Every structure is written in structure tokens, then in C-alpha cells.
Amino acid sequence: MAFALMGPEASFFRVLDQHRVSLIQSLKEGPGEAPRKEASSSEVLVSIENIIQDIVTSLARNEAPFLTLDNRSNWENIKFEDSVGLQMIPHCSTKKIKSDSAQSAQRFALILKILSMIYKLVQSNTYATKRDIYYTDIQLFGNQSVVDNIINDISCMLKVPRRYLHILSTSKGLIAGNLSYIEEDGTKVNCTCSTAVAVPSNIQGIRNLATDAKFLLIVEKDATFQRLLDDNFCNKLSPCIIITAMSFEAHNLTVPTIRWLGLLPSDIERLNIPKDTLIPLTKRDQMKLDSILKRPYVTCQPFWKKEMEIMAELKMKAEIQALTFISSDYLSRVYLPNKLQFGGWI
Amino acid sequence: MEARAVCEILKYVIIHWKKEAAELSRKALLEGELLVSIEESTPKHRADPSHYVTTIAFAGSACGDLVPKQFLKGIQSLLSGFSGKLTWPSEEAHCAQDLAGLASFQIKIEVDEKPPTLMADCLVIKQFLHRTSIVHPKVRFHFGGEVNGILFKETFGVEKEPVVKLLNGIGLLTSQHHYMRPGFLGAQQVCSRIHPVLGHPVLLSIPDEEANMGLLGQLTLTPAAALCPCHKLHPDQTSRISAAFVFLYGPSGLPLIFPNQEHPLTVFKDNSYLFDWKKYHLRAAPNSNISLEDDLVLPDVSYWIESHERSWPQDSDQQILLLFLMVDFQGGFPAQLTEAWGLQSLLLTHLNSILLENQSLVQGAVQTAVDQALEQHHRRVKAQQKLQASIPVAVSSILSVVAGSTRSSFRALCLQTLQAVDTQEFRRRLHEAFQMTLHQRSMCDPKKQQLPEPSSSAEEREEGDESLDEALAGSCCPGEAPRPKRSCQGEGVGRKAQAASWLPLLSLGEAPQRSIGTGPTCSQARGWGGPETRGEDTLWLQEVSNLSEWLRAGPGSRPVP
């Protein structure tokens with residue numbers, strides 16, 4: 001397969017290559033946790049049937065049935081693994097969703113409703129997006145976030161990734177760079193074209209994935225992604241892949257780990273970002289920052305903690321667009337190449 | 001009519017007490033004792049009008065300032081046109097000291113009346129006393145006597161009954177047995193009190209026409225609302241509001257409308273005058289089916305209420321919305337007692353116009369109070385709706401999985417667990433099972449709910465003491481559905497005090513020819529009595545029943561004692 005021959009010298013990627021080697025090594029020497037089990041469709045169906053059976057048994061005993069969910073909203077239950085990222089701790093605290101309480105009866109019913117829909121999807125080997133689920137009965141569900149939360153709860157409850165529930169995200173993501181694959185229907189896709197490719201919703205059907213990329217750059221904003229495309233970034237730093245954040249879900253990683261490249265709070269002073277481009281932290285920002293600093297997994301990450309402490313002290317934040325005030329192509333010409341060449345990530 | 005005369009005198013007495021009390025403190029509750037006793041002086045054949053003597057005796061802390069001659073003169077003036085004879089034991093100042101250290105006075109009214117008319121008068125007087133007693137909780141109203149050889153005795157204003165202070169010198173008895181029969185409640189333990197929410201007073205503008213008729217001054221209306229019975233102890237119990245009762249009180253906390261009087265206030269014929277029922281998805285219809293024979297406090301206005309949203313489960317408890325409207329003048333008392341008494345009548349004559357003129361103000365004030373009173377009910381209704389709405393969703397989801405499963409063992413197990421033969425029956429049993437779990441939760445396992453034992457006499461006293469200063473948002477007092485037995489348990493000691501307070505008043509006049517001794521003194525006379533008072537209970541029940549039968553039977557008949 002021919003890819004773009006442009007790109008920097010091989011020595012440019014020395015730090016990146018070292019980083020990849022260390023990541024692969026850490027995977028091999030990992031804490032010994034069993035890799036996430038790949039669940040078959042029949043296992044998902046049986047899991048759902050077991051839940052239903054328990055409910056019926058409770059009712060037969062004149063006991064109000066309830067569902068037990070891992071408490072995902074308690075940060076004490078979350079840990080960070082280098083090889084995986086954020087995940088629930090073993091034996092985490094749980095919460096009961098009761099059928100006979102006015103506060104939770106509705107949620108109990110909606111969880112059963114979505115479980116029954118998942119059951120049908122898995123049984124018929126068809127797929128639906130989260131949006132599709134919501135639109136089956138918008139009056140019942142109320143809003144999309146209710147559906148999204150319940151799907152996440154079910155994913156935790158059955159201990160399978162969302163894709164095994166045959167529920168897809170409503171993707172609006174874009175991808176470009178050193179990547180080719182064949183979609184489920186046989187379509188061949190080559191992302192090295194000058195225009196970006198939409199990330200397919202159903203990644204389960206993808207095969208023949210081929211890439212030589214040294215790195216995958218996740219870009220938060222579509223506008224910045226477009227700027228990089230316009231600046232021919234994928235070719236200048238080939239081989240690489242760039243992807244928008246909308247197509248990427250942190251809790252369902254398809255790469256072993258992730259690093260934060262920027263714009264870091266420490267970059268603000270180091271690069272002498274113009275002060276009039278900075279944005280004061282809002283009260284909500286401040287509260288969020290305080291909350292993140294208190295999360296157990298953050299205390300084990302000194303570099304993250306340091307950056308957040310700098311931000312708290314500055315009481316300012318900077319958008320990536322602030323770099324355009326230095327020069328319009330500073331991001332693609334100077335900032336990213338330097339960061340990637342000299343390992344400026346945390 | 002004698003009843004009217006008696007009630008007007010009672011009003012005059014209370015106005016006097018209020019005037020005297022206001023000079024010391026506007027906020028203090030009235031204290032005192034008032035006795036109305038009716039006796040037949042010369043028993044004759046039932047068909048003939050008989051001669052009856054009604055004795056009104058009263059004892060109050062302010063009595064010492066009463067000048068009997070002036071007092072009697074005032075009463076004579078307000079009873080102009082009355083055909084009966086009014087006497088005072090002595091034209092000289094007559095102020096005896098009873099054991100409680102209170103000064104007391106006595107007035108007699110003599111009339112010739114046919115027994116049925118007298119029985120009707122008795123019911124009217126009784127209702128008037130009961131109505132007045134609930135807003136003057138520290139005044140004891142005794143009503144008794146002998147008619148056609150049958151003794152009757154009743155006391156309103158039992159000691160240590162829970163009360164809340166509403167306005168200047170006006171309180172409200174909060175035991176729910178005044179407003180609702182115990183049998184009207186569910187079978188479970190409930191809170192025994194109502195928890196009135198006091199609204200903001202509104203200043204009513206007096207139309208010029210009314211002002212020209214002599215109705216001057218600043219008139220205020222203050223609403224208070226409560227739900228009866230209180231369901232705070234059972235927040236999951238379904239309940240529906242089935243009726244609304246309106247009680248109107250004028251200055252000095254006196255009932256504005258005479259019991260059994262043809263209703264002078266036409267504003268209340270408009271169901272929506274007081275309250276926007278639609279806000280709570282309710283409809284109201286006037287209810288004129290109010291019987292004087294009822295032992296409960298009778299409202300001035302009554303509405304049937306029903307929900308037009310959905311039908312309620314069969315086991316829903318019924319609740320009544322109680323609305324108390326207190327109308328009063330802002331300024332002080334007129335110099336003359338007769339003038340103050342006259343203002344009451346003048347107010348009633350013109351109140352309809354005044355209420356019409358101020359409809360939006362009145363409705364706003366009432367709405368606010370009722371909204372607060374219904375807040376918890378509303379939340380409970382919403383919670384119930386959420387629970388009920390979740391059941392069909394859960395049932396269909398479970399059925400979808402069971403019916404759609406290709407594992408016959410799973411399907412069979414689920415059906416077998418609920419003893420269903422097919423999926424249709426399975427659906428029905430699922431629904432029933434969910435409903436059962438909700439019902440069980442709302443009924444509340446007695447083991448889980450550690451309700452205190454029915455209050456002993458000591459506890460009742462302590463509770464009563466505290467309740468005199470009870471805040472309007474007072475907490476629920478868990479207890480069994482109020483049965484008169486319980487409220488009378490403390491009366492073993494109280495009875496002696498009752499006897500003591502009776503005797504000085506009775507000694508000033510003729511003693512009753514027959515007595516049943518120191519009988520029970522509960523205001524709710526029906527159905528109470530512990531084992532030790534069962535004999536008295538039976539006799540008492542017979543007498544009360546006889547009173548009602550007498551009235552229904554008319555002249556020439558005599559109920560079996």
C-alpha cells in the first residue's frame with residue numbers, strides 16, 4: 001500500500017518511538033489484570049435474562065425488585081491505568097435503583113426498557129445509535145442524556161463495552177492521515193486524501209485496518225482540525241493520523257493510552273502567550289478544577305496535578321486558538337512539531 | 001327562637017371577655033368557663049308547649065370588672081323583640097368566687113316551647129358552642145340539662161387539647177376529631193392533628209354603600225388552611241381530596257353565620273370564588289347536605305370535590321380541605337359593648353358585597369394558604385403518578401424479553417415463578433405483583449414504624465402544654481386514628497376537676513333533678529369509653545341518640561330510653 005512519501009527525517013520521531021516502546025513494555029509488564037473479556041452475543045442475552053429472572057423472582061416473593069449499579073458518579077470508585085485509562089475499581093460501591101421509590105421508579109423502568117431494546121438488537125444482530133434509542137419514545141425518555149446515562153449504566157452492569165450492546169454512538173467525527181481500511185459493506189477507505197473522512201458509526205464491521213502512523217493526534221475542535229488539514233499537517237509530519245474528539249470516547253479507547261499535548265497551562269508562560277488572549281476561569285471552571293484535583297487518580301499523576309495547580313494559580317485558561325495570535329500557522333509549523341519531536345506531552 | 005337568644009347572649013359575653021382581655025394583651029387567648037343549662041321547669045304533656053328555663057352562667061378572669069346591671073341592660077337591648085323572660089338572680093352586683101378563683105355570673109331565660117322546637121334549639125346551641133370552642137381553646141363550654149326527663153351533658157374545650165395560635169387572641173383546636181369522624185379514615189395509624197397554614201391577612205376595602213350604612217374601619221380577612229386527616233406519616237399512601245369545608249369567623253372569634261341559618265352569603269355559590277380548583281385538577285360542587293345532628297363542627301360552606309384527571313385507586317384515603325376565614329376589624333373595640341355586638345350583625349349583613357368587591361384579594365390570600373397546605377398532598381400525588389406510570393413500562397419490558405427469548409427453560413421458569421400459564425396471564429400477574437409491592441410500601445409494616453403507644457394521661461398533658469405554643473408548621477404527632485377513648489384517657493383525673501368546676505356554677509341555680517354523676521367530658525361524645533366507663537358509655541350513647549330521635553319523631557312520641 002502506497003502512502004505519502006513526505007514527512008520529516010526518521011530522527012524526528014526518535015522520542016515518539018521511544019515512548020511507544022515504553023508503552024508496549026508497560027503493557028507486557030502490566031499489573032496482571034485480566035484483559036477485558038470479549039463478550040459474545042449469547043452471553044449478553046443470558047446476562048439480560050438473568051436480570052429479568054431475578055426481578056420476577058423478587059416479585060413472586062412480594063418483594064419490590066431493584067437493580068444494583070456500580071456507582072459511577074463517585075470518584076473514589078475510579079482509577080487510572082496507564083494501559084487502559086480510567087476504569088472502575090474492583091469491588092466499587094454500588095447504588096440501588098428501586099422499583100417502589102418515587103425517586104427511582106422511573107429510572108428502574110427506563111433501564112428495563114432499554115435492556116429489552118438491547119436484547120432485541122443483539123438477538124437480531126442489528127444496530128442502533130443512542131439517538132435512535134432516544135427517538136423511539138422521546139416522551140418517555142425526556143432527553144438524550146437520560147438515554148446516554150442509562151446505556152453507560154447498562155454497559156457497567158453487564159461489564160461489556162457499549163459496542164457489544166449493539167448501540168453505536170452518533171458519530172460526527174472526522175479522521176485523516178496514514179490509515180486505510182475496508183468497511184463492513186466492502187467499501188475501501190483511504191484517509192490520506194486531502195479531505196477528511198467521516199468516522200464510521202459501526203466500527204465492529206471494519207477490517208483490513210492498515211497504518212504506519214507514528215502517532216494519532218486527537219484534536220478537540222473541528223476548526224483546529226480543519227486548520228491542520230489546510231496546513232497539510234498530515235503530510236508534513238507523516239506518517240500520522242489526526243482525528244476529531246467527537247469521534248473519540250475516552251472511556252472506550254481503541255489505543256492503549258493517551259497523553260496530553262497542549263495547550264498546557266505551563267505553555268502559557270513558557271510561550272509568552274499574549275495576556276489579552278487568555279480567558280479568566282469562571283466559577284464553574286474553578287469548581288471543576290477543585291473537583292479534579294481532589295480525585296484519587298489525579299493524586300497519582302504528578303504532572304497533571306502540577307499543570308492544574310498552575311492553572312489554579314493563574315486563574316486563567318487559554319484556547320488553542322491563542323497560538324494564532326503569535327502567527328497564523330504557529331500551531332502546525334512550530335508548536336506541534338516541537339512538542340512531538342521533543343516529547344512535550346504529559 | 002330561644003336558640004338565637006341564647007347564642008346572642010353568648011356572643012355578648014365573649015365580646016365582653018375579648019374587650020377586657022384586649023386591654024391587657026391582644027395576643028392572649030381567652031380563658032374562662034361558660035355553662036348553658038336547659039331544664040324543663042314544670043313537666044307537662046308532650047304535646048303542649050312546655051316551660052323551659054335556660055341558665056347561662058359564665059366565669060372568667062375578667063368577670064370581676066363586670067357591672068351586672070349594665071351588663072343585663074345591654075343584653076336586654078340586644079334581645080329586643082324576644083318573647084321570653086330574661087332574669088338575673090339579683091339586681092345587685094353578684095359575683096361569687098368558685099374554687100378556681102374565678103368570678104361568675106348567671107342569667108336565666110324562660111320560654112314556652114314545644115319539645116321538637118326545643119330539641120332543634122338544643123342542636124343549634126350545641127353547634128354554636130362547638131364552633132366557638134375551636135377558636136377559643138382555653139374557654140370551657142359546658143352544655144347540658146334535662147329535657148323530658150332525659151339528661152344530657154357535653155363539654156367543649158377539653159383540657160390539654162392540642163392547639164395552635166392563629167391571630168391576636170384567636171387559636172385553633174387541631175385535634176382532627178372535631179372535623180372528621182374516625183371511621184372516615186383508613187384502617188392504619190394516622191397523625192391525629194391537622195396542621196393549619198396561616199395565610200397573610202388582606203385589607204378589605206369597604207364599598208361606599210356599606211360605609212354609609214355604618215360599617216367603618218379597617219376590615220381584614222386572614223385565611224388558614226389545612227388538610228384533614230394529615231398523611232405526613234404515610235407519604236406513599238394514595239389520597240384524594242373529597243370535600244372542602246369553609247368556616248367563617250368574625251370579630252372576637254365568633255361564628256359569623258348562625259347555625260341552621262339560611263345562608264346569607266351568595267358569593268360562595270360560585271365554586272370558584274375562593275379557590276382555583278383547576279390548578280390542582282379538581283372540580284367543586286356545593287354541598288348543602290349538612291345536618292345539625294352531626295357531632296362534628298359544621299362548616300358554613302361545604303363543597304364536594306372530585307378530580308377530573310383520573311380515577312383513584314380503591315384504597316385511596318379521603319381527605320378534607322379545611323379553610324378558616326377570619327374577618328376582623330383592625331382598630332380597637334368600640335367603647336360600648338352593644339356597639340361591638342351590633343357590628344357583628346352589621347358585618348354579616350354587608351359581608352357579601354364586601355367579599356364581592358374584594359374577590360381577587362381574597363382569592364389570592366386563600367390560594368396562597370391552600371397552596372402551602374396542599375403542597376405535600378400535591379407532591380404525594382406526583383410521586384404516586386410517577387410510581388404508577390413506571391409499572392406498565394417495566395411490565396412490557398420484562399414481557400418483551402421473556403416472550404422473545406429462544407431459551408425455553410428461561411421462559412418456562414419465569415412463567416412458573418409467577419404461576420402463569422401463558423404470556424397474557426404473565427403480564428397480568430406482573431402488573432399485580434408490582435402493584436402489590438407499592439401497596440405494601442404505602443401501608444407501612446408496623447414493625448418498621450415504631451409509633452408510640454396511645455398517649456397516656458401524663459403524655460397527653462405534656463403534649464397539650466407544648467401545643468399551646470405550637471408553631472403553625474408543627475410536626476406530626478403519630479398516634480392511632482383518634483378515638484374518643486384515647487382523648488378521654490386522661491380524664492380520670494380531669495373528671496374531678498370537671499366536677500369541681502361544675503358545682504359552683506350549678507349551685508347558683510336549680511340543680512338538675514337527675515344526674516348521671518361525673519360523666520365523661522369529651523367533646524366527641526360518640527363511641528368512646530374504656531372498659532371502666534363502658535356502662536356510662538352505653539347510657540351516654542343512648543341519651544345522645546334519643547336527642548336526635550326525639551327531634552326526628554316530633555311531638556307525641558317518646559324514644560325508648
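Residues numbered from 1 in each chain as written. Chains lettered and ligands numbered in written order. Predicted model: local features only at pLDDT ≥ 70, side-chain atom pairs only at ≥ 80, totals over all residues. Heavy atoms only, no water.

This paragraph deals with the overall build of chain A. Helix and strand content of chain A: 13 helices and 15 strands. Sequence-distant contacts, at least 24 apart, represent 70% of the contacts inside chain A between residues at least 6 apart. (Helix = DSSP H or I, 4+ residues; strand = E, 2+ residues; numbered from the N terminus. Contact = heavy atoms within 4.5 Å.)

With that settled, the discussion passes to the overall build of chain B. Within chain B, the regular secondary structure consists of 12 helices and 18 strands. Sequence separation of at least 24 residues holds for 76% of the intrachain contacts in chain B that already meet a minimum separation of 6. Within the structure as shown, chain B displays about 24,100 Å² of accessible surface, and the carbon and sulfur contribution to it stands at 52%. (Areas by Shrake-Rupley, 256 points an atom, 1.4 Å probe, with all protein chains shown as cover.)

Take the packing of aromatic side chains next. Under the criterion given, the structure shown has 15 aromatic pairs over all chains. Arranged with centres 6.5 Å apart and planes meeting at 85°, the rings of Tyr297(A) and Trp304(A) form a pair that is edge-to-face. The class of Tyr297(A) is buried, set by a relative accessible area of 9%. We classify Trp304(A) as buried; its relative accessible area is 19%. With a centroid separation of 4.8 Å and an interplanar angle of 80°, the aromatic rings of Phe275(B) and Trp277(B) are classed as edge-to-face. According to the relative accessible area criterion, Phe275(B) is buried, its value standing at 1%. A relative accessible area of 8% means that Trp277(B) is categorised as buried. A network of ring pairs unites the aromatic residues Phe275(B), Trp277(B), Tyr280(B) and Tyr303(B) as a single cluster. Cation over ring: Lys96(A) sits above Phe66(A), and NZ or CZ is 4.4 Å from the ring centre. (Phe/Tyr/Trp six-rings, centres within 6.5 Å; stacked < 30°, edge-to-face > 60°. Buried < 20%, exposed > 50% of the residue type's maximum accessible area, 1.4 Å probe, protein only. Lys NZ or Arg CZ within 6 Å of the ring centre and 35° of its normal.)

Take the sheet that holds strand β10 (residues 197-198) of chain A next. Residue and element names in this part refer to chain A. Here we have 4 strands laid out as an open sheet, ordered β10-β7-β13-β12, and mixed in their pairing. Only two strands of the sheet have a single neighbouring strand rather than two, namely β10 and β12 (215-219). With 3 bridges connecting them, strand β7 (residues 174-177) and strand β13 (residues 240-244) associate as antiparallel partners. Looking at the pairing, Ala-176 lines up with Ile-242 of β13. Against the sheet, helix α7 (residues 222-230) touches β7, β12 and β13, its axis set at about 150° to β13. (Pairing = 2+ DSSP bridges. Axes fitted to C-alpha atoms, helices over the stretch in contact; angles between N-to-C directions.)

In the predicted model, chain A carries a mean pLDDT of 86, and 90% of its residues have values of at least 70. Contacts of residues 250-254 of chain A to residues separated by more than four positions or lying in other chains number 6 contacts, the stretch itself having pLDDT below 50. (pLDDT = per-residue confidence, 0-100.)

Time to look at the packing of helix α2 (residues 41-60) of chain A against helix α3 (residues 105-124) of chain A. Residue and element names in this part refer to chain A. Close contact between α2 and α3 brings their axes to 10 Å; oriented N to C, the two are set at 150°. In this structure, α2 crosses over α3, and the sense of that crossing is left-handed. Contacts between α2 and α3 involve Ser-41, Val-44, Leu-45, Ile-48, Glu-49, Ile-51, Ile-52 and Ile-55 from the first element and Phe-108, Leu-112, Leu-115, Ile-118, Tyr-119, Val-122 and Gln-123 from the second. Its residues assigned to classes, the contact of α2 with α3 comprises 12 nonpolar, 2 polar and 1 charged. (Left-handed = near helix turned anticlockwise from the far one by under 90°. Nonpolar A, V, L, I, M, F, W, Y, C, P; charged D, E, K, R; others polar.)

To continue, consider unusual backbone geometry. Residues and elements named next belong to chain A. Each neighbour pair has its own omega, and for Ser-238 with Pro-239 the value is 5°, a cis peptide bond. Within the secondary structure layout, Pro-239 lies in the loop between α8 (233-236) and β13. The omega torsion of the bond from Gly-262 to Leu-263 falls at 0°, within 30 degrees of zero and hence cis. Note that Leu-263 resides in the loop between β13 and α9 (265-270). Phi at Asn-125 is positive, roughly 55°, even though this residue is not glycine. Residue position: Asn-125 is located in the loop between α3 and β5 (128-129). For Asn-125, a relative accessible area of 52% corresponds to the exposed category. The backbone phi angle of Asn-272 is positive, close to 55°, even though this residue is not glycine. Residue position: Asn-272 is located in the loop between α9 and β14 (279-280).

Time to look at the packing of α3(A) against helix α6 (residues 359-404) of chain B. Packing of α3(A) against α6(B) leaves a shortest axis separation of 8 Å and a crossing angle of 20°. By the criterion of interaxial angle, the relationship of α3(A) to α6(B) is roughly parallel. Like other packed secondary-structure pairs, α3(A) and α6(B) cross with a definite hand, here left-handed. Side by side, α3(A) and α6(B) meet where Ala105(A), Gln106(A), Phe108(A), Ala109(A), Leu112(A), Lys113(A), Ser116(A), Tyr119(A), Lys120(A) and Gln123(A) of the first sit next to Leu387(B), Ser390(B), Val393(B), Ala394(B), Ser397(B), Ile398(B), Ser400(B), Val401(B) and Gly404(B) of the second. (Parallel < 35°, antiparallel > 145°, perpendicular 65-115°, else oblique.)

On to the interface of chain B and chain A. Listed as interface residues are 29 residues of chain B and, on the opposing side, 29 residues of chain A. Counting each side, the surface lost to burial between chain B and chain A is near 2,400 Å², with a carbon and sulfur contribution of 71%. Put simply, chain B and chain A have 1 salt bridge between them. As a salt-bridge pair, Glu49(A) and Arg407(B) come within 2.6 Å of each other at their nearest N and O atoms. Contributing elements (two or more residues each) for the side of chain B that touches chain A: α6, α7 (408-417) and α8 (423-443) of chain B. For the side of chain B that touches chain A, the leading source of residues is α6(B), giving 12 residues. Residues belonging to the side of chain B that touches chain A are distributed by class as follows: 17 nonpolar, 9 polar and 3 charged. (Buried area = accessible area lost by both parts, 1.4 Å probe. Salt bridge = Lys/Arg side-chain N within 4 Å of Asp/Glu carboxyl O.)

Our next topic: helix α13 (residues 330-342) of chain A. All names here are of chain A. At Leu-336, α13 shows its largest kink, close to 30°, and the proline Pro-337 lies no more than four residues downstream. Three or more residues of α13 are buried, namely Tyr-330, Leu-331, Ser-332, Val-334, Tyr-335, Leu-336, Pro-337, Lys-339 and Leu-340. Count one or two residues on from α13 and you reach Gly-343, which has phi positive near 70°. (Bend = angle between axes of the 7 residues up to and from the residue.)

A separate point is the pattern of salt bridges. Where side chains of opposite charge bring their charged atoms close, a pairing between them can arise. For the structure on display, the rule yields 24 salt bridges over all chains. In this structure, the salt-bridge partner of Asp267(A) is Arg270(A), at a minimum N-O distance of 2.6 Å. In this pair, Asp267(A) and Arg270(A) both sit in helix α9, 3 residues apart, roughly one turn of the helix. The exposure class of Asp267(A) is buried, given its relative accessible area of 1%. Note on Arg270(A): relative accessible area 52%, which makes it exposed. Lys126(B) serves as the salt-bridge partner of Glu154(B), at 3.8 Å between the closest nitrogen and oxygen. Placement of the pair is Glu154(B) in strand β7 (residues 150-156) and Lys126(B) in helix α3 (residues 115-133), with a sequence separation of 28 residues. Considered together, Glu154(B) and Lys126(B) belong to a single accessibility category, that of buried residues. Connected via shared salt-bridge partners are Glu425(B), Arg428(B), Arg429(B) and Glu432(B).

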